[in-house]
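Topology and contacts: notes
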Amino acid sequence: MTCIRPSKFAHVVYRTRRFDEMVQWYQTVFGAKVQHRNPVLAFLTYDDEHHRFAFANLSLLQPEESEADRRGVIGVDHVAYTYASLNDLFETYARLKESEIRPYWCIHHGITVSMYYADPDGNQMEFQVDSYASTEEANAFIDEHFSANPIGVEFDPDDWLARLRAGESASNFLVRQVHEPMSPVRGAMTD
Ligand SMILES: [Fe+2]
C-alpha cells in the first residue's frame, strides 16, 4: 500500500503541575491566546490552527502524585499530525494495521477525528483530520460543547473504515452527531 503522509504538523500537548504558570508562559512567549480553558485542560493557539498547545492539569488528573518534576509524568503528552482527509487517515489506519501497528485510542474530539498511536518507546502521537474547514467553525464547536465534554466520544475504527470503503460520505463522520458519553483520557502506557 502507498504511504500517505500527513499534510502538516499540528500541535503539542503537555502534562503539568504548573498549570497556570505554563498557560501564562506560552501566552507570554508565543503571544498565544486561550481558545478554551477549564480547570483540567487549556487550549491555546497563535495562528489560524484551532490549537497549537494544550495543557493537562495533573494536579487535578493525578492528585495523589506530588513530585513536580517527575519525568514520564510531567512533560510532552503527545504530538499531533494532520491528514488531508478522512480517507487518508483511515487508509493509513488500514496500512498500519497490516503491520500490526494499532491505535490505542480512537476518539472524535468534535473538532478533529483522531487516532492515537505510540512508538516503541511509548511516545504518543495523534493522527487527526479536521472536522471543520475553518477555525471559526471549530471555535464555535469548542464554545458550544467543550464545557460539557472537552475530551470527546470514542469510535470503532474498523466499523468506520468499512463504512467509508462502502462509500459512505466522510461528512457523516467528520461532524460529530453525538456528544456523549465522554471518553476517559487514555494513554499509551496505561492501556
Ligand atoms: Fe491532540
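For the structure, see preceding data.
Note that the coordinates shown come from a computational prediction; the quantities given were computed from them, not determined experimentally.

1. Regarding the packing of helix H3 (residues 86–98) against helix H5 (residues 157–165)
Contact pair H3 / H5: the axes reach a minimum separation of 10 Å and the direction vectors enclose 120 degrees. Taken together, H3 and H5 sit at an angle that is classed as oblique. In the packing of H3 onto H5, the handedness of the crossing is left-handed. Contacts from Leu86, Phe90, Glu91, Tyr93, Ala94 and Lys97 of H3 reach H5 at Pro157, Asp158, Trp160, Leu161, Leu164 and Arg165. Of the residues belonging to the contact of H3 with H5, the class tally is eight nonpolar, no polar and four charged.

2. Let's talk about a nonpolar patch on the surface
On the surface, Trp25, Val29, Phe30 and Tyr46 cluster together to form a nonpolar patch covering roughly 420 Å² of accessible area. Checked against the element boundaries, Trp25 lands in helix H1 (residues 19–30).

3. A closer look at the coordination of the iron ion
Those protein atoms acting as donors to the iron ion are His11 (NE2), His78 (NE2) and Glu126 (OE), and they sit at 1.9 to 2.3 Å. Here the donor residues for the iron ion map to a single chain with the spacing H-x66-H-x47-E. Linking His11 in strand S1 (residues 8–16) with Glu126 in strand S8 (residues 124–130), this pair joins segments that are 115 residues apart in sequence.

4. Some thoughts on the pattern of salt bridges
Scanning the model with the defined rule gives nine salt bridges in all. Among the ionic pairs, Asp159 bridges to Arg163, the shortest N-O distance being 3.2 Å. One end of the pair is Asp159 and the other is Arg163, both in helix H5 and four residues apart, which spans about a single turn. Given the relative accessible area of 34%, Asp159 is considered partly exposed.

5. Digging into the pairing of S1
Buried residues dominate S1, accounting for seven of its nine residues. Pairing analysis gives seven bridges linking S1 to strand S5 (residues 75–82), with the strands arranged antiparallel. Bridge assignment links Val13 to a residue of S5, and that residue is His78. Pairing geometry for S1 and strand S4 (residues 53–57), over five bridges, is parallel. Each bridged residue has a counterpart across the sheet, and for Thr16 the counterpart in S4 is Asn57.

6. Some words on unusual backbone geometry
Following Glu180, the chain continues into Pro181 via a peptide bond in cis, with omega recorded as 0 degrees. For Pro181, the position within the fold is in the segment after helix H6 (171–174). Its identity as a non-glycine residue notwithstanding, Glu100 has a phi of 65 degrees, on the positive side. Assignment of secondary structure puts Glu100 in the loop between H3 and strand S6 (105–108).

7. Let's talk about the packing of aromatic side chains
Per the stated rule, a full pass over the model turns up 23 aromatic pairs. When the ring of Tyr14 is compared with that of Phe55, the centres are 5.9 Å apart and the planes differ by 20 degrees; the resulting orientation is stacked. Of this pair, Tyr14 sits in strand S1 while Phe55 sits in strand S4; the two residues are 41 residues apart in sequence, bridging distant segments of the chain. Under the relative-accessibility criterion, Phe55 is labelled buried at 0%. On the numbers, 6.1 Å between centres and 25 degrees between planes, the contact of Phe90 with Trp160 is stacked. Here Trp160 lies in helix H5 and Phe90 lies in helix H3, a separation of 70 residues in the sequence. Assessed through its relative accessible area of 1%, Phe90 is described here as buried.

Calculation notes
- Residues numbered from 1 in each chain as written.
- Predicted model: local features only at pLDDT ≥ 70, side-chain atom pairs only at ≥ 80, totals over all residues.
- Heavy atoms only, no water.
- Axes fitted to C-alpha atoms, helices over the stretch in contact; angles between N-to-C directions.
- Helix = DSSP H or I, 4+ residues; strand = E, 2+ residues; numbered from the N terminus.
- Parallel < 35°, antiparallel > 145°, perpendicular 65-115°, else oblique.
- Left-handed = near helix turned anticlockwise from the far one by under 90°.
- Contact = heavy atoms within 4.5 Å.
- Nonpolar A, V, L, I, M, F, W, Y, C, P; charged D, E, K, R; others polar.
- Patch = residues over 30% accessible without salt bridge, like charges linked within 9 Å, V, L, I, M, F, W, Y side chains within 5 Å.
- Areas by Shrake-Rupley, 256 points an atom, 1.4 Å probe, with all protein chains shown as cover.
- Salt bridge = Lys/Arg side-chain N within 4 Å of Asp/Glu carboxyl O.
- Donors = N, O, S within 2.8 Å, 3.2 Å for Na, K, Ca; no water.
- Buried < 20%, exposed > 50% of the residue type's maximum accessible area, 1.4 Å probe, protein only.
- Pairing = 2+ DSSP bridges.
- Phe/Tyr/Trp six-rings, centres within 6.5 Å; stacked < 30°, edge-to-face > 60°.

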